[in-house]
Amino acid sequence: SLRFPQKLWKMLESGKFQSIWWTEGGKCVAINKDLFEVEVLGREGQQVFHTQKIKSFMRQLNAYGFTKVQRNFQRSASLPEFLAEEAAASAHSQILYYYNPSFNRAHPWLSETCKRR
């Protein structure tokens, strides 16, 4: 049985899930919260992680040294552009970003150093 970081890595690399992916550069994990709950945690009979709750999954991430990071968006000066960006940002609010210095797509061997706290 794989440890949590290995399961997460395998899931990210499989390309089978639309709810979780590497961000540009492979330094962060992005999770579409609502879709992840349905696509991954709601799977009947073939659970990837031993939970059906997003809060428990997030606690697992924290236990292995992942920290939640905020994405910074540059804001435009013009009102129409600003409103369009606000709409895009609210769509992004369902997306969670997690970072762990030992979990980097370019350095797969580092994931072995992800230990439970």
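Note that the structure is predicted; figures quoted are calculated from it, not measured.

J.: Explain the pattern of salt bridges to me, and be specific about the residues and the numbers.
T.: Evaluated as defined, the whole model comprises one salt bridge. Across the salt bridge formed by Arg105 and Glu13, the nearest N and O atoms sit 3.0 Å from each other. With Arg105 in the segment after strand E4 (95-99) and Glu13 in helix H1 (residues 4-14), this pair connects stretches of sequence that are 92 residues apart.

J.: Talk me through the layout of surface pockets; I want residue IDs and the actual numbers.
T.: Gaps left between atoms are located by rolling a probe of water-molecule size over the structure's atoms. Looking at the largest pocket, its volume works out to about 150 Å³. For the largest pocket, the full set of lining residues is Leu2, Lys7, Lys10, Met11, Ser14, Lys16, Phe17 and Val48. Counted by class, the lining of the largest pocket contains four nonpolar, one polar and three charged residues.

J.: Go over H1, please, and point to the residues and values.
T.: Counting buried residues along H1, eight of its eleven residues qualify, which places the element largely inside the surrounding structure. For H1, the set of buried residues is Phe4, Pro5, Gln6, Lys7, Leu8, Trp9, Met11 and Leu12. For H1, the elements touching its buried residues are strand E1 (20-22), strand E2 (28-32), helix H2 (33-41) and helix H3 (54-63). Two residues or fewer past H1, Gly15 is found with a positive phi of approximately 75°.

J.: Kindly report on H2, identifying the contributing residues and their values.
T.: Regarding H2, the residues found buried are Phe36, Val40 and Leu41. Buried residues of H2 fall within an arc of 70° about the axis and therefore sit on the same side. Where H2 is buried, its residues contact H1, E1, E2 and H3.

J.: I'd love a proper account of the nonpolar core, names of residues and values included.
T.: Ranked by internal contacts, the top residues of the largest apolar core, which has 24 residues, are Leu8, Ile20, Phe36, Phe57 and Phe103. When residues of this core are traced back to their parent elements, those giving at least two are H1, E1, E2, H2, H3 and E4. A total of five residues in this core trace back to one element, the largest contributor, which is H1. If we skip the residues at most four places from it in the chain, Ile20 touches Leu8, Met11, Leu12, Val29, Ala30, Ile31 and Phe36.

J.: Explain the packing of aromatic side chains to me, using residue names and the numbers behind them.
T.: A complete count under the given rule lists nine aromatic pairs for this structure. Seen in terms of ring centroids, Phe4 and Tyr64 are 5.5 Å apart; in terms of plane orientation they differ by 20°. Their pairing is stacked. With a gap of 60 residues between them, Phe4 in helix H1 and Tyr64 in the loop between H3 and strand E3 (67-69) connect regions that are remote in the sequence. Like Tyr64, Phe4 is buried. One aromatic cluster is present, built from ring pairs that chain together Phe4, Phe36, Phe49, Phe57 and Tyr64.

Calculation rules
Residues numbered from 1 in each chain as written. Predicted model: local features only at pLDDT ≥ 70, side-chain atom pairs only at ≥ 80, totals over all residues. Heavy atoms only, no water. Salt bridge = Lys/Arg side-chain N within 4 Å of Asp/Glu carboxyl O. Helix = DSSP H or I, 4+ residues; strand = E, 2+ residues; numbered from the N terminus. 1 Å grid on protein atoms, 1.4 Å probe; cavity = no way out; pocket = protein on both sides within 12 Å on 5 of 7 lines; lining within 4 Å. Points joined across faces, edges and corners; volume = space filled by probe spheres on them. Nonpolar A, V, L, I, M, F, W, Y, C, P; charged D, E, K, R; others polar. Buried < 20%, exposed > 50% of the residue type's maximum accessible area, 1.4 Å probe, protein only. Contact = heavy atoms within 4.5 Å. Arc of directions from axis to C-beta. Core = buried A, V, L, I, M, F, W, Y, C linked by side-chain atoms within 4.5 Å. Phe/Tyr/Trp six-rings, centres within 6.5 Å; stacked < 30°, edge-to-face > 60°.

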